[in-house]
Amino acid sequence: MSKEITSRSDDYSQWYIDLVRKAGLADYSAVKGCMVIKPYGFAIWENMRDTLDRMFKDTGHQNAYFPLFIPKSFLSKEAAHVEGFAKECAVVTHYRLKNAEDGSGVVVDPDAKLEEELIVRPTSETIIWNTYAGWIQSYRDLPLLINQWANVVRWEMRTRLFLRTAEFLWQEGHTAHETKEEAVAEARTMLDVYADFAEHWMALPVVKGVKTANERFAGAEDTYCIEALMQDGWALQAGTSHFLGQNFAKAFDVQFSTRDNTREYVWATSWGVSTRLMGALVMAHSDDEGLVIPPRLAPMQVVIVPIPKPLPELDEAVQTIAADLRALGIRVKVDNDDQNRPGYKFAEYEKLGVPVRLGVGKRDLDQGVIEVARRDTKEKQSVPMEGLAQHVKQLLDEIQQNLFQRALAFRAEHTTRVDTWEEFVDVLDNKRGFISAHWDGTPETEQEIKELTKATIRCIPLESEHGASVEEGLCIRTGKPSRQRVLFARAY
RNA sequence: CGGGGUGUAGCGUAGCCCGGUUAGCGCGUCUGCUUUGGGAGCAGAAGGUCGCAGGUUCGAAUCCUGCCACCCCGACCA
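What you see is a predicted model, and the numbers here were worked out from it, not measured in a lab. Each chain carries its own residue numbering, running from 1 in the direction its sequence is written. Labels follow written order: the first chain is A, the first ligand is 1, and so on. For a predicted model such as this one, the threshold for reporting local features is a pLDDT of at least 70, and the threshold for listing and counting side-chain atom pairs is 80 or more; totals across whole chains, interfaces and linings nevertheless cover every residue. Working from all heavy atoms in the structure, the side-chain values ignore hydrogens and water.

Novice: Explain the packing of aromatic side chains to me, please; I cannot follow it from the model alone.
Specialist: What characterises a pair of aromatic rings is the spacing of the ring centres plus the angle enclosed by the ring planes. For this analysis, a ring pair means two rings from Phe, Tyr or Trp (six-membered ring only for Trp) whose centres lie within 6.5 Å, classed as stacked if their planes differ by under 30 degrees, edge-to-face if by over 60, and tilted for the remaining angles. In the structure shown here, the tally under the stated rule is 17 aromatic pairs. For the pair Phe56 and Tyr194, a centre-to-centre distance of 6.4 Å together with 75° between the ring planes defines the contact as edge-to-face. Of this pair, Phe56 sits in helix H2 (residues 39-58) while Tyr194 sits in helix H6 (residues 180-200), and the two are 138 residues apart along the sequence. With relative accessibility at 1%, the residue Phe56 sits in the buried group. Remark: exposure states derive from per-residue accessible area (1.4 Å probe, protein chains only) relative to the maximum for the residue type, with buried under 20%, exposed over 50%, and partly exposed in between. Note on Tyr194: relative accessible area 2%, which makes it buried. Between the aromatic rings of Phe424 and Phe488, the centroid separation amounts to 5.1 Å while the plane-to-plane angle is 80°, which identifies the pairing as edge-to-face. Of the two residues, Phe424 sits in helix H13 (residues 421-431) while Phe488 sits in strand E26 (residues 481-489), which places them 64 residues apart along the sequence. Each helix is a run of DSSP H or I of at least 4 residues and each strand a run of E of at least 2, with the numbering of both proceeding from the N terminus.

Quick look at the structure:
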């Protein structure tokens, strides 16, 4: 048990906060609702970002950058969009400060009032579609496949480190297409990219699905999403990909000449994942000792802790091991710090979630072995020095797999099919997790269930998904007919 | 914005109800020595506008008033 981290069973929420702070991922800042991402946390985010960026480029996208500020008028061009975001925007009204006359500091200069206020972007559809209007004239300009890495601001009333902060980092893809079919395919492709990343890099099983009208992105025709389950049985939306139809093209008048020499509005998508994924990563795998980071995203995949008895050949042995591992592309840290004792270091690296720890001392060298400790299961074994690097490489793969399988098993265990209201409420309160149930398809019933239980429909699983159940049934709330089970849960 | 709570050293806290010497303790930090295979031991040291402002009093961390900040519960959300 860690000395400084609240246990999950005592207080899951506090465990999460302790972990994020004590493992050096992030900290509160002087600005309410905004956090500081610390170097170790940012290193993990960089690994996520770099991996996703490569995946975007492999699917034909390019990066660009659009302004932080959006003219206020842009936000009112798409009706549903403004409805969804207006309430939580930060607004810039002035461009200058001046010294207060009473010497008390600086005050806003009333003479520097902006003619039109600027909105700090909560998302960039509007400024981007305003720009696209100038870039797209012909079908030859399509498709336009662009992504940007940026920060956005949503003035949330209640925030939680990584999961919901006023400012957060994300990527937002914005694409324009000739046809509806092509745009839908793009939205689905990016959903697949997100699911691939979540499962193969974050070791996080996700359900691919589509949002109900209530949960849909403001301005979208369809919102596809990946939904994950956290260890406390709450769901977390890990990424979204929207088919925007022609809504933004019409709002910003983006028409193109077609192959048939007619004029048509372009079809659009947008898709994004954010630093919220950091929260998902923590809550999916970590334990009471600290973080557990999947090897593929770990800033340090292996740490070597020498046991410092007076032993001249120890340093040479450690350097050889490190070099062998690095030759296989493994990220290695050698901890030669002599201020702390090995026991302290063991606990520290467990807190940081380093997947594999190697202990090397006189005892090992005498026998030609190394002590190999894995973070996920906390197992330790002595491995012959000969072939160690290969062994560690395989072990990293095994840990990556194990984390995924463990999370998958947890999700399977916490996904319950229910057919009655009583059962629904009981599972929600006592077992938690995903609930697969019939729903009559109306926003009113969905809303009613939300008000009664705080559970929302996380998604309607895609037909290709294991969680999907296309079958006749009766709504658990109203008893009206239903054609497919949907996935309910309480969500972050 | 409504309801509840908390502000004391870098962190965590005792003291407050019932005012009275130099505000105590743990962790951390610094120095030295000894240690080093699961969060080391001993010795010494530094570190405080008791959230801010005002009031009551001979005397305020403690009582009163106002303000500020943060946390928790709601409404809102990637």
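Novice: Could you clarify how one ought to interpret the pairing of strand E25 (residues 470-474) in this entry?
Specialist: On any regular strand, side chains alternate: one points to one face of the sheet, the next to the other face. Two strands form a pair only when DSSP identifies at least two bridges running between them. Pairing between E25 and E26: three bridges, direction antiparallel. Of the residues in E26, the one forming a bridge with Val470 is Gln484. From the end of E25 to the start of E26, which pair antiparallel, there are six residues, and Gly479 there has a positive phi angle of about 75°.

Novice: Explain the sheet that holds strand E17 (residues 302-306) here, please?
Specialist: Strand pairing in a sheet is mediated by backbone hydrogen bonds. Such pairs are either parallel or antiparallel. The sheet built from five strands is open, its strands ordered E18-E17-E19-E20-E21 with mixed pairing. This sheet does not close on itself; its edge strands, each paired only once, are strand E18 (332-334) and strand E21 (380-384). Adjacent strand axes in the sheet meet at a mean angle of 25° when their direction is disregarded. Two elements, E17 and E18, share three bridges in a ladder whose sense is parallel. Whenever a helix is involved, its axis is fitted only over the stretch in contact; in every case the axis is a line through C-alpha atoms, and angles between N-to-C directions fall within 0 to 180 degrees.

Novice: How do you make sense of the domain arrangement of chain A when you look at a structure like this?
Specialist: Reports often express the size of an interface as the amount of accessible area lost when the parts come together. Delimitation of the domains relies on an automatic or database domain assignment. If you check the domain split of chain A, you get domain 1 (12-95 + 107-285), domain 2 (295-398) and domain 3 (415-489). Placing a centre on the C-alpha atoms of domain 2 and another on those of domain 3 gives a separation of 48 Å.

Novice: Help me understand the protein's contact with RNA strand B in this model?
Specialist: Whether a residue is near a molecule or strand is decided by its heavy atoms; if any one of them lies within 4 Å of it, the residue is near. In the region of RNA strand B, 34 residues are neighbours, and Arg158, Arg164, Thr165, Glu348 and Asp364 sit closest. Considering RNA strand B, the proportion of its atoms within 4 Å of the protein that are sugar or phosphate atoms stands at 37%. A 3.5 Å cut-off defines polar contacts: any pair of N or O atoms within that distance qualifies, except that in protein one atom must be a possible hydrogen donor and the other a possible acceptor, and neighbouring residues in sequence count only when both atoms are side-chain atoms. Arg357 places a polar side-chain atom, nitrogen or oxygen, 2.6 Å from a base oxygen of RNA strand B. The contact in question runs from a base oxygen of RNA strand B to an N or O atom on the backbone of Lys362, over 3.0 Å. For the surface near RNA strand B, the secondary-structure elements that each account for two or more residues are helix H10 (342-352), strand E19 (356-360) and helix H11 (362-367).

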